[in-house]
Structure formats: C-alpha cells, structure tokens
Amino acid sequence: MKLAIGNDHTTPEMKEQIKSHLEARGIEVIDVSPNTSPPPPYPVSGYKAGKLVAEGSVDGGVLLCGTGVGMSLAANKIKGVRACLCSEPFTARLSKQHNNANVITFGGRVVGLEMAKTIVDAWLDAEYEGGRHIERVDMITVIENGGVVG
Ligand code: RB5
C-alpha cells in the first residue's frame, strides 16, 4: 500500500511521527510537504495529496493541519477525493465502511499523537462495505460532476 501524507506549519513533528507509524505498518509513504520553514500552507499540500489520490498514484491520503479543516476542504475540491475530518476512531472507521473515504484528515492541535495513530489505524483497518452505500457514494460523484441528485 502507498499513501500520501501532508502537513502545514502546525504539524511537521506530528507528520514525521505518523509517517513512521505508517512505515512501521509496511506502508510506503509519499510526503507532499517538504520540511521547509515554514512548510507549504494547507491548500498546497491538500491539493498535492488529493491529486495523487485522484489520479491513482497512491491508495489514499493522510493530511494534518491545526484543525484538519483546511486540509479536508482543500483535498475535497479535487474530483474523486472523499476526505473525512476525524477526531476519533469511530468516525474514521465508518468513513471508510460507509463513505469509502480515500483521505483522512485530523487536527494536530485537536488530537494528541496516540489518538491520531488510533484514528489512522481505524481508517486503514476498515473496508468499504459497498452494498446499500454504493448508491449514496455514487450520488456524491454525481454532485461532483455537476449533476443533480434528489
Ligand atoms: C493555521 O493556523 C490553521 O489555520 C491551519 O493549520 C488549519 O487548522 C486550517 O484549517
């Protein structure tokens, strides 16, 4: 498995720790946020990671900024990205099982490192259930493509 990871100026240290956590799970990690001072702002990393996910160069993305909000907003602007902001593992698990979230975001100023790892693991360990969820997730794609639902 290959994942993109990205951070902003609020989260370079946590990014490194999450990266190590992912690598310890045997995951190849593509870091879209160079450790410059400051690192790129969240829209840049959200965009870059989202592009990699949408074009299929990686299997998913993990994005962290102060709240996780900016990263989710930016990544969700890319067609094909379903980024979910999570502050606890229940939502992270359901975001994969029901919404087929291909990007997870969280706030490094909101959750601590151990909670962040638990969130990432819950998302990684879950599988999209398909079934009754397919029609709903497909509707999101319709909206994304300028179509009408409902
Ligand atoms: C930076 O201050 C903060 O705005 C950013 O990290 C992020 O939380 C935005 O959504």
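Residues numbered from 1 in each chain as written. Predicted model: local features only at pLDDT ≥ 70, side-chain atom pairs only at ≥ 80, totals over all residues. Heavy atoms only, no water.

Draft legend 1. Spotlight on the pattern of salt bridges. Counted under the stated rule, the structure contains 6 salt bridges. For Lys-19, the salt bridge identified is with Glu-16, shortest N-O distance 3.9 Å. Placement of the pair is Lys-19 and Glu-16 together in helix α1 (residues 12–24), with a separation of 3 residues, close to one helical turn. The class for Glu-16 is partly exposed, based on a relative accessible area of 30%. The partner of Lys-117 in a salt bridge is Glu-114, and the shortest N-O contact between them spans 3.3 Å. (Salt bridge = Lys/Arg side-chain N within 4 Å of Asp/Glu carboxyl O. Helix = DSSP H or I, 4+ residues; strand = E, 2+ residues; numbered from the N terminus. Buried < 20%, exposed > 50% of the residue type's maximum accessible area, 1.4 Å probe, protein only.)

Draft legend 2. Here's a closer look at the nonpolar core. Core analysis: the largest hydrophobic core is formed by 22 residues, its most contacted members being Ile-18, Leu-22, Val-62, Phe-106 and Trp-123. Where this core is concerned, the elements lending two or more residues are β1 (2–7), α1, β3 (60–65), β5 (103–107) and α5 (113–125). With 6 residues, α5 is the largest single contributor of residues to this core. Those residues within four positions of Trp-123 in sequence are excluded, and the remaining contacts are Leu-3, Gly-60, Gly-61, Val-62, Ala-92, Ser-95, Lys-96, Ala-101, Asn-102, Val-103 and Ile-104. Membership of the second largest hydrophobic core comes to 13 residues, among which are Cys-65, Met-71, Ile-78 and Val-81. (Core = buried A, V, L, I, M, F, W, Y, C linked by side-chain atoms within 4.5 Å. Contact = heavy atoms within 4.5 Å.)

Draft legend 3. Inspection of the site of the ligand at higher detail. Taken together, the residues surrounding the ligand are Asp-8, His-9, Thr-10, Tyr-42, Cys-65, Gly-66, Thr-67, Val-69, Gly-70 and Arg-109. At 2.8 Å from an oxygen atom of the ligand is found a main-chain nitrogen or oxygen belonging to Thr-67. At a separation of 3.4 Å, an oxygen atom of the ligand approaches a polar side-chain atom of Arg-109. Protein contact buries 71% of the 290 Å² of open area that the ligand shows by itself. (Near = heavy atom within 4 Å. Polar contact = N/O pair within 3.5 Å; in protein donor to acceptor, adjacent residues only side chain to side chain. Areas by Shrake-Rupley, 256 points an atom, 1.4 Å probe, with all protein chains shown as cover.)

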